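Single-letter residue listing:
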Amino acid sequence: MSSHSYDLIKFKDNLLQLQIHLSEYQFDQFVHYYELLTEWNQVMNLTAITEFEEVCTKHFIDSLSISTLFPNDIPPFPKEYTLIDIGTGAGFPGIALKIAFPQLRITLLDSLKKRITYLNEVVGQLQLEDVETIHGRAEDFAKETLLREKFDLCVSRAVANLSTLSEYCLPYVKIGGYFIAYKSERAEEEIAMSTKAIELLGAVICKQKEFVLPSSDIHRTLLVIQKVKETPKKYPRKAGLPSKEPL
């Protein structure tokens, strides 16, 4: 595994904009991750983005952009911080965050068995420790006492409206913890429509950060939602309802 056959200049510049400094070993891990992503992508649908520089910007940098929400914390996540990535897909943002911030304890949840098989391969080959993978639906595992309200941080790049996503994610977050949603540029209307749902689930939107991904014209919004009280036991509702009938 060597990063020398790839041009990492732009990736390194973009990381510096996020104030992230990686070792050669971590760069090698990102390259190896890219190679596994493109290799497995030939037999299953993981991403439409396959060119190295684009993957670095649109997947890796995008995933790591949440580090800018914690500018005063070096590193941005405390040691032993627990994070769950809901609907992780190809491992974004969870695996990218784990490579850059190895102190994180990560849980990756996805509803597709073959994606979990791929993620297990990535975790093994990259020798990542403290990573758990779970095959299942967010609605089902949020009822489990082992996982309910146990995480410092829940993240999701999954494509769903904010009310639906909040119902999937907030039950996993401990009181005082955060759910961070990655959104595309036009999030204002979505935010306005989801405020009631977020309150119902025991949380409040405490920060909204809009930015352009480095070296691109891609607009992003990061929403930081803080859990302030317990989520009522009846949420999330049974599988399918959060997306069919958002709160």
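The structure we're discussing is the one just above.
Remember, predicted model here, so these are calculated numbers, not experimental data.

1. A word on the overall build of the protein
Summing up its helical and strand segments, the protein has nine helices and seven strands in all. The C-alpha atoms of the protein give 17 Å as radius of gyration, which agrees with the globular expectation for 247 residues (18 Å, within 12%). C-alpha atoms of the protein, sized along the principal axes, occupy 50 × 35 × 35 Å. Here the protein holds 247 residues, and the buried ones make up 55% of them. The long-range fraction of contacts in the protein, counting pairs at least 24 apart against all pairs at least 6 apart in sequence, stands at 70%. Accessible surface, the protein as shown: approximately 11,400 Å² in total, 51% of it carbon and sulfur. Mean positive and mean negative side-chain charge positions of the protein (28 and 33 charges, respectively) differ by 8 Å.

2. Some details on the layout of surface pockets
Quantified by volume, the largest pocket comes out at close to 780 Å³. What lines the largest pocket is a set of 31 residues, among which I86, G87, R157, A158 and V159 lie closest to the centre. Elements with a minimum of two residues in the lining of the largest pocket: α3 (52-64), β2 (105-110), α6 (138-141), α7 (162-169) and β5 (173-184). Looking at which element gives the most residues to the lining of the largest pocket, the answer is β5, with three residues.

3. Looking at the pairing of β2
With respect to burial, β2 is a largely interior element, five of its six residues being buried. For strand β1 (residues 82-86) and β2, the ladder comprises five bridges, and the chain directions are parallel. Each residue of the ladder has a partner; that of T82, found in β2, is R105. The parallel pair β1 and β2 is bridged by helix α4 (residues 94-100), and the resulting crossover is right-handed. Here β2 runs beside strand β3 (residues 131-135); their pairing, made up of five bridges, is parallel. Pairing of I106 across the sheet is with V131, part of β3.

Rules used throughout
Residues numbered from 1 in each chain as written. Predicted model: local features only at pLDDT ≥ 70, side-chain atom pairs only at ≥ 80, totals over all residues. Heavy atoms only, no water. Helix = DSSP H or I, 4+ residues; strand = E, 2+ residues; numbered from the N terminus. Rg over C-alpha atoms; globule rule 2.2 N^0.38 Å. Buried < 20%, exposed > 50% of the residue type's maximum accessible area, 1.4 Å probe, protein only. Contact = heavy atoms within 4.5 Å. Areas by Shrake-Rupley, 256 points an atom, 1.4 Å probe, with all protein chains shown as cover. Lys, Arg positive; Asp, Glu negative; His and termini not counted. Charge placed at Lys NZ, Arg CZ, Asp CG, Glu CD. 1 Å grid on protein atoms, 1.4 Å probe; cavity = no way out; pocket = protein on both sides within 12 Å on 5 of 7 lines; lining within 4 Å. Points joined across faces, edges and corners; volume = space filled by probe spheres on them. Pairing = 2+ DSSP bridges. Right-handed = clockwise from strand over helix to strand, strands pointing away.

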